[in-house]
Protein chains: 2
Amino acid sequence: MHFISETESNGVIERDFILGEITGVLWSPTSGNIGAPLLLSGHSGGMHKKAPGLVAGALHSVATHGFTVAAIDAPGHGDRPRTPQDQRWTDAIHQALAAGEPIAPIVIDYNMSLAGRAVPEWQATLDALRALPEIGSEAPIGYGGVMLGVVTGLMLAAVEPRIAALSLGAVFVDDALIGAARKVTVPVEYRIPWDADEIDHAAAVALYDAFASKDKTMHAHPGRYNNQMPDYERGNSGRFFAHHLGRAVDTTSV
Amino acid sequence: MHFISETESNGVIERDFILGEITGVLWSPTSGNIGAPLLLSGHSGGMHKKAPGLVAGALHSVATHGFTVAAIDAPGHGDRPRTPQDQRWTDAIHQALAAGEPIAPIVIDYNMSLAGRAVPEWQATLDALRALPEIGSEAPIGYGGVMLGVVTGLMLAAVEPRIAALSLGAVFVDDALIGAARKVTVPVEYRIPWDADEIDHAAAVALYDAFASKDKTMHAHPGRYNNQMPDYERGNSGRFFAHHLGRAVDTTSV
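First things first, this report covers the structure right here in the doc.

Side note on the nonpolar core
Counting residues in hydrophobic clusters, the biggest one holds 128 residues, and the most contacted among them are Leu-40 and Tyr-190 of chain A together with Leu-40 and Tyr-190 of chain B. In contact with Leu-40 of chain A, other than residues within four places in its own chain, are Ala-70, Trp-122, Leu-126, Leu-129, Ile-141, Gly-142, Tyr-143, Gly-144, Leu-156 and Ile-163 of chain A.

Here you go:
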């Protein structure tokens, strides 16, 4: 893992890194926080490791809870080259959007392919991050994501015992995702923007039902996107991770 | 409204009151808090105005947020006489429970009858409470309840514009309740214990869908009862009311 840039602002250090073909970014508190919980943040399809909503959430987690947050570009996203097959999927999505046709069937196939490739990349990233002295091998690990980030997180959590808690947003549900959810036993919070395009409510509930986790909550809120959740619920994911990953909540966040 | 007792403990004054046939209780901060939000708390069927969970929630709301909280016994509950018809419903519920038969059909009819009688009682109680100098006519008003308390709250909110926010728990859903929900436009949070007996998930989602409120959230959590929600979500109702009723949250609560 090579750090290729470092900037500091408002108590947060941002470092871009490269690990083999993986391009990523790590946010940590300037004050240092060895052994603090590490959150992995999965961006949605078409976005990248520094998607505005992802960055806002990461900065909040670092500043408010003292967490460390890492994000990597999905294959073919951000700073990474796109394969011809990925390009065909992307073109098909744009054509469907332009024609006013549903994109979910295309996105489901594309995301599952991307997630299958991203899982070993996240595992390699985890190995490298835990080898850093400022993180360490004992840091409890959570994962959060939306859309593609949900698919990747579920495929990762189904095979990776180091993931101790999952915070998930909107996603297109199919049988493969339900199958992955059945293997998940760690605490899960699942947030559904109830007016999202092509999000089937019954399928969303079926995904919630599929989690094998004893501790799982489902939250529906108005709007088409997860960032439209009510203000008074914005701090909830931080409290969720703080509870499960063992860090006292900084109460200035509420 | 006549106060018939007053006790004080841990910064909270508890006063029992009588208003005509209504028996009730009012919890307020000893420090005084004129114009603070007033929460109305509706107990579940078979319980009473000082049901343990209701009292715990009330004390938390007063101590943490400085709210005033009022509860009244439903007709035929707590300190109030039961009519022969109510007795027949109660007997039928007990017989169904003993026989291992579903109680929801009986409870739905019984609760709708109780709620119909409780709505004007809550309105009279509201009038009397707002006439108290320590509450005042400008206090913003929220309502919270579980089971019978949900039915009563929805029937009340559908006709009573002074109710500015609703926090609802488990309830048996029928068409009449759906109809009341369609008249509700104020912010709602709806908490579903996902493993509750005789709670149909699709019906619960249909109730959420029925609210005409622009600001509405649905939260599912494991367990058969609302008090089994995860620890890290316990403060959420206080934050919900604090946001909508205009009182700063005391951050010691999280």
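Some thoughts on the relation of the copies chain B and chain A
By a simple turn and slide, chain B fits onto chain A: the slide is 0.0 Å along the axis, the RMSD is 0.0 Å, and the turn is 180 degrees. Within this description, the copies of the chain are treated as partners about a two-fold rotation axis. Minimal C-alpha distance to the rotation axis in chain B is attained by His-219 of chain B, lying at 2.2 Å. Interface residue correspondence from chain B to chain A reaches 100%, placing this contact among same-surface, isologous pairings.

Some points on the side chain of His-221 of chain B
With respect to the helices, strands and loops of the structure, His-221 of chain B is situated in strand S9 (residues 216-221). The buried category is assigned to His-221 of chain B, whose relative accessible area is 1%. With residues near it in sequence (within four places) discarded, His-221 of chain B still touches Tyr-208, Lys-216 and Thr-217 of chain A together with Ile-192, Pro-193, Trp-194, Asn-226, Gln-228, Met-229 and Pro-230 of chain B.

Here's the deal with helix H6 (residues 201-210) of chain A
Turning to H6 of chain A, its buried residues number three or more, namely Ala-204, Val-205, Leu-207, Tyr-208 and Ala-210 of chain A. Next to the buried residues of H6 of chain A lie helix H4 (148-159), helix H5 (175-181), strand S8 (188-193) and strand S9 (216-221) of chain A together with helix H6 (201-210) and S9 of chain B. For H6 of chain A, the N-terminal capping position is held by Asp-200 of chain A, with its side-chain oxygen 3.2 Å away from the main-chain nitrogen of Ala-202 of chain A.

Things to note about the packing of helix H2 (residues 84-99) of chain B against helix H3 (residues 104-130) of chain B
All names here are of chain B. Where H2 contacts H3, the axes come no closer than 10 Å and their chain directions differ by 150 degrees. When the interaxial angle is binned, H2 and H3 end up roughly antiparallel. Relative to H3, the crossing made by H2 is left-handed. Counting all contacts with H2, which are made through Asp-86, Trp-89, Thr-90, Ala-92, Ile-93 and Ala-96, the residues of H3 involved are Ile-106, Val-107, Asp-109, Tyr-110, Ser-113, Leu-114 and Arg-117. In terms of residue class, the contact of H2 with H3 is made up of 8 nonpolar, 2 polar and 3 charged.

Rules used in this analysis
Residues numbered from 1 in each chain as written. Chains lettered and ligands numbered in written order. Predicted model: local features only at pLDDT ≥ 70, side-chain atom pairs only at ≥ 80, totals over all residues. Heavy atoms only, no water. Core = buried A, V, L, I, M, F, W, Y, C linked by side-chain atoms within 4.5 Å. Buried < 20%, exposed > 50% of the residue type's maximum accessible area, 1.4 Å probe, protein only. Contact = heavy atoms within 4.5 Å. Least-squares fit on C-alpha atoms with pLDDT ≥ 70 in both. Helix = DSSP H or I, 4+ residues; strand = E, 2+ residues; numbered from the N terminus. Polar contact = N/O pair within 3.5 Å; in protein donor to acceptor, adjacent residues only side chain to side chain. Axes fitted to C-alpha atoms, helices over the stretch in contact; angles between N-to-C directions. Parallel < 35°, antiparallel > 145°, perpendicular 65-115°, else oblique. Left-handed = near helix turned anticlockwise from the far one by under 90°. Nonpolar A, V, L, I, M, F, W, Y, C, P; charged D, E, K, R; others polar.

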